[in-house]
Amino acid sequence: MKKEAYNVAVVGATGAVGEEMLKVLAERDFPIATLKPLASSRSAGSKVEFCGDEYLVEELTDDSFENIDIALFSAGGSVSSRFAPSAASSGAVVIDNTNAFRMDADIPLVVPEVNPHAIADYRNRGIIANPNCSTIQMVVALKPIYDAAGIKRVVVSTYQAVSGSGKKAIQELEQQVLAILQQQELPVDVYPHQIAFNCLPHIDVFLDNDYTREEMKMINETKKIMENDQIMVTATTVRVPVFFSHSESINVETERFISADEVKEILERAPGVMVVDNPAENDYPLAVDAAGQDDTLVGRIRQDESIANGINMWVVADNIRKGAALNAVQIAEILIREYL
Ligand code: NAP
Ligand code: 12T
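What you see is a predicted model, and the numbers here were worked out from it, not measured in a lab.

What am I meant to see in the overall build of the protein chain here?
A count of helical and extended segments in the protein chain gives nine helices and 14 strands. Computed over the C-alpha atoms, the radius of gyration of the protein chain is 20 Å, within 12% of the 20 Å expected from 2.2 N^0.38 for a compact globule of 340 residues. Considering only C-alpha atoms, the protein chain reaches an extent of 60 × 60 × 40 Å along its principal axes. Expressed as a percentage of the 340 residues in the protein chain, the buried residues total 53%. By sequence separation, contacts in the protein chain at least 24 residues apart represent 65% of the contacts at least 6 residues apart. If you sum the accessible surface of the protein chain, you get close to 15200 Å²; carbon and sulfur atoms cover 47% of it. Computed over 29 positive and 50 negative side-chain charges, the separation of the two mean positions in the protein chain equals 3 Å.

What am I meant to see in the site of ligand 1 here?
Taken together, 27 residues lie around ligand 1, and Thr14, Val17, Ser40, Ser43 and Cys133 are the ones closest in. Note that an oxygen atom of ligand 1 is positioned 3.0 Å from one of the backbone N or O atoms of glycine 15. One of the backbone N or O atoms of valine 17 is found 2.9 Å from an oxygen atom in ligand 1. Here ligand 1 has 910 Å² of accessible area as a free molecule, and 77% of this is covered by the chains. Counting only elements with at least two residues in the shell around ligand 1, the list comes to α1 (16-27) and α9 (321-338). Among the residues forming the shell around ligand 1, the class breakdown is ten nonpolar, 14 polar and three charged.

Rules of the game
Residues numbered from 1 in each chain as written. Chains lettered and ligands numbered in written order. Predicted model: local features only at pLDDT ≥ 70, side-chain atom pairs only at ≥ 80, totals over all residues. Heavy atoms only, no water. Helix = DSSP H or I, 4+ residues; strand = E, 2+ residues; numbered from the N terminus. Rg over C-alpha atoms; globule rule 2.2 N^0.38 Å. Buried < 20%, exposed > 50% of the residue type's maximum accessible area, 1.4 Å probe, protein only. Contact = heavy atoms within 4.5 Å. Areas by Shrake-Rupley, 256 points an atom, 1.4 Å probe, with all protein chains shown as cover. Lys, Arg positive; Asp, Glu negative; His and termini not counted. Charge placed at Lys NZ, Arg CZ, Asp CG, Glu CD. Near = heavy atom within 4 Å. Polar contact = N/O pair within 3.5 Å; in protein donor to acceptor, adjacent residues only side chain to side chain. Nonpolar A, V, L, I, M, F, W, Y, C, P; charged D, E, K, R; others polar.

Right, here's the structure in full:
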């Protein structure tokens, strides 16, 4: 028999993503029987707000998941590696926001607008992975183009908000801006360099091939979500002094010709997309407009005149919402509607 409401645990409930999860669950009236906010011993005993009520934060342990139906994890990769399997073996379905399981062949990696059918594979290990924020907004914009004209190659450069690295990074940008304006010494702690009034071509760690792990996530996750290893992707990921929303310059080489006007038309009908593209009115997607919104904004859609079948576009989304919390809750909605 189908349940009317579910017992939901939020791991990392005091973090930037966890707090947004609580907000999105409430806004979308997710059917919750009991809510269990979990975090480390540092904030156990503190309170978080959900639907106007206060909930006590508990310390995450192996015993946290008894009677839990759905566990939303966003407390870092090592926490997920350590605790997601015990949550799954207690009978919860885990929706994991970290890098821990994304590329495991038997774990579904899901963006509801692109590959909702993959959710069925939650049965393999009781875990569904939420992709990286930069990948999610890119594939939301790419999928309708892929369906219409095929995709050979994608060249992407990102302009990523500091909120992607958590609450401490949001504070660091605020403090650096204040320190610079007051001509005081800068606190430089979260990032290896000053982020205020700067751009850092460095997100996550450097790998042996001199790409960053963030860049390799965009390359590998895109192929997995689009279920096509033949799509060539190359990426440069850059941190910019923006609080919320990642922006991406995306160049797509399609298999078959498609005009910029056709791309606009198909994106106007695409789920989760809002076309914002009126150069005459200086209208294009902006990070400050995408912040707090659910849609992925797409604009600056134009032909790449340097090749036969090319499109350029500018894609912006709230990295904490569609890039993390909202995508996870959308997965949970499909899970309860079609599987649990
Ligand atoms: P954050 O603001 O720093 O929050 C971290 C959260 O994790 C806090 O609730 C913290 O609890 C909790 N936590 C840390 N260590 C823990 C432990 N040992 N046991 C239990 N809880 C622990 O970071 P955030 O921005 O919310 O990001 C959290 C994670 O989500 C990231 O590490 C990343 O893996 C993932 N993420 C994914 C995406 C995506 O692309 N889909 C985007 C952003 C983040 P305390 O209050 O007790 O410290
Ligand atoms: N380093 O979920 O710093 O893999 O913006 C997301 C965001 C990792 C992830 C970031 C990161 C992830 C960031």
